[in-house]
Amino acid sequence: MSTAPNGLFRYPIVQAPMAGGASCPPLAAAVCEAGALGFLAGGYKTADGMYQEIKQVRALTRRRFGVNLFMPQTAQVDPAAVETYRGQLAGEASWYDVSIAEEDVIGTGDDGYDAKLAILLEDPVPVVSFTFGCPASSVLAALRKAGTYTVVTVTSVEEARTAQRAGADAVCVQGIEAGGHQGTHRDDPQIDGTAAVGLLALVAQVREAVALPIIAAGGLMRGAQIAALIAAGAEAAQLGTAFLVCPESGAHPVHKKALTDPLFVRTELTRAFSGRPARGLVNRFMREHGPYAPAAYPQVHHLTSGLRKAAAAAGDPQGMALWAGQGHRLARALPAAQLVEVLAAELAEARETLKESEKRSAS
């Protein structure tokens, strides 16, 4: 197996693992068939649910694909803060006719990690990535022995160094522009929004700090952006929002439409829906509840789950978690395979333009 991720797929393009249903087997398989790397999201699924999706992808493609796991969350959460937030959501519960019982906030923070890992060791997949932390060295070594290429999501130089020391094969460097959850290893509300770094600067910093291959992620929507990140030191680029609107994506139709709806003009990081910083389109729920949401993941995620589902069922984007990167207005509702081809063509054109520019400069 190549030490660089490029040996795993034809184009240096990775479809981000978007938990919550978007990264479904049809999307991952279509991306793989087109020559990029498709991913399944293991987060928020049972171990068996994850395994059933793996089997579906294998039935759709013989090409390499990846599975993403959430690392267990061990941070102490203030139950009183969660209970207070539950009270603040009473109006939402009444509006959507949903009950938010006390037991709705109870849930383990491990996301079935051990059971999912056991499956991936017993029946290995080509690539496994991790979010919200770095696995133990023994875990990464066991996956490598099983023939699996491992990737750790990082949001800082120090996290990249941790991944390198642990023995990861590569890092997915996530910039502040990225949609969905920030994959920070430690959730610290004291530094919300102040320590995050833009993708281009972060890739350059990580490139000088570690020797691992880099997959760059954060707000990327065009092939020319991929070319810029590769020029900055990345081996590949990971795109989420760009694939969210594809017909194969499992995202809700209301979510897909909102990405290019003029009503939604910007994105922000918020804890309103899950208790962890995540970037989404600014809507009513985010404006009204974001300032009061506690740092309590995954408790807040469980707390708002019924509300988000009810809003989606009602076709109301103002009550949904509309995860989106900063480049969301550039979304193109193309079939996944066509989108990969377009991105690859844009990347090739950008590289050729760069070569011509370098020739003119040298002459």
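Residues numbered from 1 in each chain as written. Predicted model: local features only at pLDDT ≥ 70, side-chain atom pairs only at ≥ 80, totals over all residues. Heavy atoms only, no water.

Notes on the environment of Asp188
We count it as follows: In DSSP terms, a helix is any run of H or I states spanning at least four residues, a strand is any run of E spanning at least two, and both are numbered starting from the N terminus. Here a polar contact is taken to be a pair of N or O atoms separated by no more than 3.5 Å, where protein atoms must pair a possible hydrogen donor with a possible acceptor and residues adjacent in sequence count only if both atoms sit in side chains.
Examined against the element boundaries, Asp188 turns out to sit in the loop between β7 (180–181) and α8 (199–209). Of note is the side chain of Asp188, whose polar atom sits 3.3 Å from the side chain of Arg186.

Some points on the sheet that holds β7
For the record, the criterion: When DSSP finds two or more bridges between two strands, those strands count as paired.
One open sheet holds the three strands; their spatial order is β7-β11-β10, and the pairing between them is antiparallel. Pairing within the sheet leaves two strands with one partner each, and these edge strands are β7 and β10 (267–270). The pairing of β10 with strand β11 (residues 278–281) spans four bridges and is antiparallel. Following the sheet pairing, Thr270 is matched in β11 by Ala278.

A look at the packing of aromatic side chains
Rule in force here: Pairing of aromatic rings covers Phe, Tyr and Trp, the last counted by its six-membered ring, and requires centre-to-centre distances within 6.5 Å; plane angles under 30 degrees mean stacked, over 60 mean edge-to-face, and any other angle means tilted. The cut-offs for exposure are 20% and 50% of the maximum accessible area for each residue type, with area from a 1.4 Å probe on protein chains only; residues under the lower value are buried, those over the upper are exposed, and the others partly exposed.
Scanning the entire structure with this criterion turns up five aromatic pairs. Both rings, one in Phe273 and one in Phe285, keep their centres 4.7 Å apart while their planes meet at 20 degrees; by these two values the pair is stacked. Here the residue Phe273 occupies a position in the loop between β10 and β11, and Phe285 occupies one in helix α12 (residues 284–289), the gap between them amounting to twelve residues. For Phe273, a relative accessible area of 1% gives the class buried. Owing to a relative accessible area of 1%, Phe285 belongs among the buried residues under this scheme. On the basis of an interplanar angle of 90 degrees and a centroid distance of 5.7 Å, the ring pair of Phe273 and Trp323 is categorised as edge-to-face. With Phe273 in the loop between β10 and β11 and Trp323 in the loop between α13 (299–313) and α14 (336–362), the pair connects residues that are 50 residues apart, well separated along the chain. Three or more aromatic residues joined by ring pairs form one cluster here, namely Tyr44, Phe70, Phe132 and Tyr297.

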